[in-house]
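These are the residues of each chain, in order.
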Amino acid sequence: SIPSNAVHRLLHALAVHHEIEQVSLQNNILGRASVEDICHLIVTSKTIEHLDISWNSLGENGGARISAAVNRAASEKLCTVEIQGNSFSRKDCE
């Protein structure tokens, strides 16, 4: 797993990088504490096309927050967000 302060710095750096198109953070046990930083990346990045955050235990409310971020995404290029294996509730998926 990646320490939460390192995840924060990494995701905020990726959000302003103008060449990154694909980010894979799958299976890193990011946890609920990283959801806000993941949402920041989704909303801020103008170049990310593919984001894989699967298998990270992002928690029951994480899905709803990430879904809301995708709807506000800065990049019109964002077309894939892989989220399987994150213990999202059924309500998150509606």
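Residues numbered from 1 in each chain as written. Predicted model: local features only at pLDDT ≥ 70, side-chain atom pairs only at ≥ 80, totals over all residues. Heavy atoms only, no water.

Glancing now at the side chain of Ser 54. With respect to the helices, strands and loops of the structure, Ser 54 is situated in the loop between strand 2 (50-52) and helix 3 (62-71). You can call Ser 54 buried: its relative accessible area is 1%. For Ser 54, the side chain forms a polar contact with the side chain of Asp 52, separated by 2.6 Å. Each residue touching Ser 54, except ones within four places of it in the same chain, is listed here: Leu 25, Gln 26, Asn 27, Glu 82, Ile 83, Gln 84 and Asn 86. (Helix = DSSP H or I, 4+ residues; strand = E, 2+ residues; numbered from the N terminus. Buried < 20%, exposed > 50% of the residue type's maximum accessible area, 1.4 Å probe, protein only. Polar contact = N/O pair within 3.5 Å; in protein donor to acceptor, adjacent residues only side chain to side chain. Contact = heavy atoms within 4.5 Å.)

What follows concerns the packing of helix 1 (residues 4-16) against helix 2 (residues 35-44). At a minimum axis separation of 8 Å, helix 1 and helix 2 run at an interaxial angle of 5°. The pairing of helix 1 with helix 2 is recorded here as roughly parallel in orientation. Contacts between helix 1 and helix 2 involve His 8, Leu 11, His 12, Leu 14 and Ala 15 from the former and Asp 37, Ile 38, His 40, Leu 41 and Thr 44 from the latter. A per-class count over the contact of helix 1 with helix 2 returns 5 nonpolar, 4 polar and 1 charged. (Axes fitted to C-alpha atoms, helices over the stretch in contact; angles between N-to-C directions. Parallel < 35°, antiparallel > 145°, perpendicular 65-115°, else oblique. Nonpolar A, V, L, I, M, F, W, Y, C, P; charged D, E, K, R; others polar.)

All quantities given are derived from atomic positions and should not be read as evidence of function.
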